[in-house]
Amino acid sequence: MRITLLGTGDTTGTPTPGCDCETCERARERGVERSRFSVHVGNERTGESLLVDASPDFRHQFLTEGVPLPDATVISHVHFDHLDGLGNAYRLFDDLPVHAADEVDPVTEESVADTIRDKYAYLDRITVHDRTPFEPFRTCGLDVTLVPVDHPPMICYGLAIEDPETGAKLSLTGDTSYDVPERSREALADPDLLLADAIAPASLCEHHPVGGSHHDSAGVPRTFGTKHMTREGALSLADRLNADRTRLVHLSHFYPVEEAFEEPLAIDGERYRL
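Keep in mind it's a predicted model, so treat the numbers as computed, not measured.

Enquirer: Explain the overall build of the protein chain here, please?
Expert: The number of helices and strands found in the protein chain is six helices and 18 strands. Taking 2.2 N^0.38 as the reference for a compact globule, 274 residues should give roughly 19 Å; the C-alpha atoms of the protein chain span a radius of gyration of 17 Å, in line with that estimate. Seen through its principal axes, the protein chain has C-alpha atoms that stretch 50 × 40 × 40 Å. When each of the 274 residues of the protein chain is scored for burial, the buried share is 57%. Counted over contacts in the protein chain with a minimum sequence separation of 6, partners at least 24 positions apart contribute 64%. For the protein chain, the exposed surface amounts to about 11,500 Å²; the carbon and sulfur share of it is 46%.

Enquirer: How should the pattern of salt bridges be read in this particular structure?
Expert: Taken as a whole, this structure holds 18 salt bridges when the rule is applied. In this structure, arginine 271 engages glutamate 65 in a salt bridge whose closest nitrogen and oxygen atoms are separated by 3.5 Å. A residue pair is termed long-range when its members are at least 10 positions apart, and arginine 271 in strand S18 (residues 271-273) and glutamate 65 in helix H2 (residues 58-65) qualify at 206 residues. We classify arginine 271 as partly exposed; its relative accessible area is 42%. Glutamate 65 gets classed as buried once you look at its relative accessible area, which sits at 15%. Two residues, aspartate 130 and arginine 117, come together in a salt bridge whose shortest N-O distance is 2.5 Å. Of this pair, aspartate 130 sits in strand S8 (residues 126-131) while arginine 117 sits in helix H4 (residues 112-119), and the two are 13 residues apart along the sequence. Look at aspartate 130 and you get partly exposed, because its relative accessible area is 37%. Each of Arg2, Glu44 and Arg273 takes part in salt bridges that share partners, so that together they form one network.

Enquirer: What exactly am I supposed to notice about the sheet that holds strand S16 (residues 228-229) here?
Expert: In a beta sheet, neighbouring strands pair by backbone hydrogen bonds and run either parallel or antiparallel. In spatial order, the strands read S14-S15-S16; together these three strands make up an open sheet with antiparallel pairing. The open sheet has two edge strands with one neighbour each: strand S14 (212-215) and S16. As paired elements, S14 and strand S15 (residues 221-224) share three bridges and run antiparallel to each other. Bridged to glycine 212 within S15 is phenylalanine 224.

Enquirer: What am I meant to see in the sheet that holds strand S10 (residues 142-148) here?
Expert: Spatially, the six strands line up as an open sheet ordered S9-S10-S11-S12-S13-S17, and their pairing is mixed. Each edge of the sheet is formed by a strand with only one pairing partner; in this case those strands are strand S9 (137-139) and strand S17 (246-249). Averaged over all neighbouring strand pairs, the angle between strand axes comes to 20°, with direction disregarded. Alignment of strand S11 (residues 157-162) against strand S12 (residues 169-172), held across four bridges, turns out to be antiparallel. Looking across to S12, one finds that alanine 160 is bridged to serine 171.

Enquirer: I tried to follow the state of the cysteines on my own but got confused; where do I start?
Expert: Each disulfide is one covalent bond, formed between the sulfur atoms of two cysteines. This model, assessed by the stated rule, comprises zero disulfides. The thiol of cysteine 19 is unpaired, and the distance to the nearest cysteine sulfur, on cysteine 21, comes to 3.5 Å. For cysteine 19, a relative accessible area of 16% gives the class buried.

Enquirer: When you look at the packing of aromatic side chains in this model, what are you seeing that I'm missing?
Expert: To describe a pair of aromatic rings, you give the distance between the ring centres and the angle between the ring planes. Counted according to the given criterion, the structure contains two aromatic pairs. For the ring pair tyrosine 120 and tyrosine 122, a centre distance of 6.0 Å and an interplane angle of 40° mean the geometry is tilted. The ring centre of phenylalanine 134 lies 3.8 Å from the NZ or CZ of arginine 183, which sits over that ring. Positioned above the aromatic ring of tyrosine 178 is the side chain of arginine 185, whose terminal nitrogen or guanidinium carbon lies 4.8 Å from the ring centre.

Enquirer: Mind showing me how you'd approach the environment of alanine 187 here?
Expert: Inspection of the secondary structure puts alanine 187 in helix H5 (residues 182-188). Counting along the chain gives 41 residues from alanine 187 to leucine 146, while the straight-line C-alpha distance between them is 9.0 Å. Not counting the four nearest positions on each side in its chain, alanine 187 is found in contact with Val147, Ala160 and Lys169.

Definitions and cut-offs
Residues numbered from 1 in each chain as written. Predicted model: local features only at pLDDT ≥ 70, side-chain atom pairs only at ≥ 80, totals over all residues. Heavy atoms only, no water. Helix = DSSP H or I, 4+ residues; strand = E, 2+ residues; numbered from the N terminus. Rg over C-alpha atoms; globule rule 2.2 N^0.38 Å. Buried < 20%, exposed > 50% of the residue type's maximum accessible area, 1.4 Å probe, protein only. Contact = heavy atoms within 4.5 Å. Areas by Shrake-Rupley, 256 points an atom, 1.4 Å probe, with all protein chains shown as cover. Salt bridge = Lys/Arg side-chain N within 4 Å of Asp/Glu carboxyl O. Pairing = 2+ DSSP bridges. Axes fitted to C-alpha atoms, helices over the stretch in contact; angles between N-to-C directions. Disulfide = S-S within 2.5 Å. Phe/Tyr/Trp six-rings, centres within 6.5 Å; stacked < 30°, edge-to-face > 60°. Lys NZ or Arg CZ within 6 Å of the ring centre and 35° of its normal.

Structure below.
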């Protein structure tokens, strides 16, 4: 597998439009971006590629990184920064398979698959495939498993992506707090590469309206508020999952400038071969 991190930022990205904070200014000076989240997974054996989440920055990401258009897409949840890039299917694809969970969300009263089907009913260039969490399916020559995580109040999924021939494994936590269910942790465990949500450092939880949660034994919050992991939480989860390598993604511009571009925080355009 050849992995390209197309988008490593949160919902506003870094630099954030109209923001003159030190972190955004440093990103501009360095010429780096963290656009809205998306990952390109190329299967070198079959020549196919899978897109994980369709960022609103789809066009910019594909032009910038020069990767081939995907043969299929999987959507983790229905927040706009992970979904709205699907509109780019118009004129670019004859038919784009879109894989999404079939589990009904009590908040939206429909599944992720149904939400996509309804939202893009006007767009005949995509075909939605309902997938059951924890049941692997094959696409682009890869085995993909959607696993429930914790992103209240809406349902969200992480992913385990494995090459059935080489055994290479990529795991993505999806947007989640530290409270990932044990069964999901088992499915995500032992990846060659883990992409973990780490929206902000634990030190900033004091500025969140609800603070932090899921504190470790030293009192460090592993969840920023209720929806996303802190940097410390993501690294703690990586240890529990026995990840061979970890990159932190879905990063906000709230990281202090002296920490914002340090390891293992990712930036757009990073490439890995598993």
